[in-house]
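Commentary on secondary and tertiary structure
Residues per chain are reported as follows:
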Amino acid sequence: RLLVVLAACAVVSGFGVAVAVLGDGSRPVNVVWALGGLLGVHLLSLLLWFVSQWLGGREAGGALGHVWLWLCTRFLASPVPAQVSAALVALLGRSGLMRWWLGAVTHGLWLLALGGALAGLLITLAARRYGFVWETTILPTEVFVRFIQAMGRLPAQFGFAIPDITAVRAGGAGAVQDEAARIAWSSWLIGCVVIYGVVPRLLLWLGCLGLFVSGRRRLRLDLSLPGYAALAERLAPASERIGVTDAAP
């Protein structure tokens, strides 16, 4: 249930971010700030996830996965489920599956958030007219021309548009009024969210989920550990005094 609540919050927050970065249409959209607002935290968290996987510390698996695990243990009312959860965490930690389990949760929540942001973009761009600009004080125009073309090169391989040089230069002077240019800017923004946001999270979620499922199939209990030896003696003792079960009258 808690995971469902977090998933709903991820979708709503992603949708809200998309609506916030675009605004109500009364002012032009700064494409650089919009792209940073949609993908900035995602790319930073993705970098931190790769670093944590490389270091292999306690934070391996992703921050959102650890938050979900902490909330699960925090809100368990009975001590028995808490003990079972702690035992499961210890078992997965020893087998190396904890990082993939938490990684699947982390990337799944991020995937839902980015999906909500993409839905917010599509709905808002379909319902309102936006002009797109870029603004700078010290950088030359060519910097933004190269940036827009570099970011749009990979999405263009999947059919998304790239604003031409004329549209990019016009975006530095004010809101782009040309309809074709506005459509190109919208396609470029959506393509960046899909290719640099949704697709990496989807692939990582599928990868972590696949590694966890395949590892769980090979998972075996190490019955030689002292804890299992004591538990086996309690559940199946070597000898037991049974006494008289059916005394004669």
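Above this text is the structure in question.
Presented here is a report on the structure given in the accompanying data block. Because the structure is predicted, anything quoted here is derived from the model rather than measured.

Let's talk about the overall build of the protein
- Tallying secondary structure elements over the protein gives 9 helices and 2 strands in all.
- Reading the protein from its N end, one meets helices and strands in the order α-β-α-α-α-α-β-α-α-α-α.
- Going through the 249 residues of the protein one by one, you find that 35% of them count as buried.
- For the protein, the exposed area adds up to about 15200 Å²; of that, 66% sits on carbon and sulfur atoms.

Side note on helix α2 (residues 31–55)
- Taking 1.5 Å of rise per residue, the 25 residues of α2 would be expected to cover 36 Å, and the 35 Å separating its terminal C-alpha atoms lies within 8% of that figure.
- Along α2, the helix axis deviates most sharply at L39, where the bend reaches about 45 degrees.
- Taken as a whole, α2 has its buried residues at V31, A34, L35, L38, L39, H42, S45, L46, W49, S52 and Q53.
- Next to the buried residues of α2 lie α1 (2–22), β1 (29–30), α5 (98–127), β2 (132–133), α6 (141–156) and α8 (179–217).

Observations concerning the nonpolar core
- Among the nonpolar cores identified, the biggest contains 33 residues, and L38, L121, F132, W185, W188 and L189 are the most heavily contacted of them.
- For this core, the secondary-structure elements that each account for two or more residues are α1, α2, α5, α6, α7 (165–171) and α8.
- At 11 residues, α8 tops the list of elements feeding residues into this core.
- Discounting residues that sit within four places of it in the chain, L38 has contacts with V17, A18, V21, L114, A117, L121, L189 and V193.

Comments concerning the environment of D222
- Its place among the elements puts D222 in the loop between α8 and α9 (226–235).
- A relative accessible area of 40% means that D222 is categorised as partly exposed.

Focus: the pattern of salt bridges
- Applying the stated criterion to the full structure yields 1 salt bridge.
- With its nearest N and O atoms 2.4 Å apart, the salt bridge here joins E142 to R169. Of this pair, E142 sits in helix α6 while R169 sits in helix α7, and the two are 27 residues apart along the sequence.
- The partly exposed category is assigned to E142, whose relative accessible area is 31%.
- Since its relative accessible area comes to 41%, R169 is described here as partly exposed.

Concerning the packing of α1 against α5
- Two elements in contact, α1 and α5, have axes whose closest approach is 7 Å; the angle formed by their N-to-C orientations is 35 degrees. By crossing handedness, the relation of α1 to α5 is classed as right-handed. Where α1 abuts α5, its residues L3, L6, A7, A10, V11, G14, F15, A18, V19 and L22 lie against V105, L109, L112, A113, G116, A117, A119, G120, L121, I123, T124 and L125.
- By residue class, the composition of the contact of α1 with α5 is 18 nonpolar, 4 polar and no charged.

Observations concerning the side chain of S186
- For S186, the position within the fold is in helix α8.
- Those residues within four positions of S186 in sequence are excluded, and the remaining contacts are L125 and F132.

Observations concerning the side chain of T124
- Mapped onto the secondary structure, T124 falls in helix α5.
- Given a relative accessible area of 8%, T124 falls into the buried group.
- In this structure T124 touches V19, L22 and Y130, once residues within four positions along its chain are discounted.

Some remarks on the packing of aromatic side chains
- Per the stated rule, a full pass over the model turns up 4 aromatic pairs.
- When the ring of W49 is compared with that of F50, the centres are 5.0 Å apart and the planes differ by 75 degrees; the resulting orientation is edge-to-face.
- Measuring from ring centre to ring centre gives 5.9 Å for W185 and W188, while their planes differ by 85 degrees; the resulting arrangement is edge-to-face. Of this pair, W185 and W188 both sit in helix α8, 3 residues apart, which is roughly one turn of that helix.
- On the accessibility criterion, W185 (0% relative accessible area) is buried.
- Judged by its relative accessible area of 1%, W188 falls in the buried class.

Conventions adopted
Residues numbered from 1 in each chain as written. Predicted model: local features only at pLDDT ≥ 70, side-chain atom pairs only at ≥ 80, totals over all residues. Heavy atoms only, no water. Helix = DSSP H or I, 4+ residues; strand = E, 2+ residues; numbered from the N terminus. Buried < 20%, exposed > 50% of the residue type's maximum accessible area, 1.4 Å probe, protein only. Areas by Shrake-Rupley, 256 points an atom, 1.4 Å probe, with all protein chains shown as cover. Expected span 1.5 Å × (residues − 1). Bend = angle between axes of the 7 residues up to and from the residue. Contact = heavy atoms within 4.5 Å. Core = buried A, V, L, I, M, F, W, Y, C linked by side-chain atoms within 4.5 Å. Salt bridge = Lys/Arg side-chain N within 4 Å of Asp/Glu carboxyl O. Axes fitted to C-alpha atoms, helices over the stretch in contact; angles between N-to-C directions. Left-handed = near helix turned anticlockwise from the far one by under 90°. Nonpolar A, V, L, I, M, F, W, Y, C, P; charged D, E, K, R; others polar. Phe/Tyr/Trp six-rings, centres within 6.5 Å; stacked < 30°, edge-to-face > 60°.

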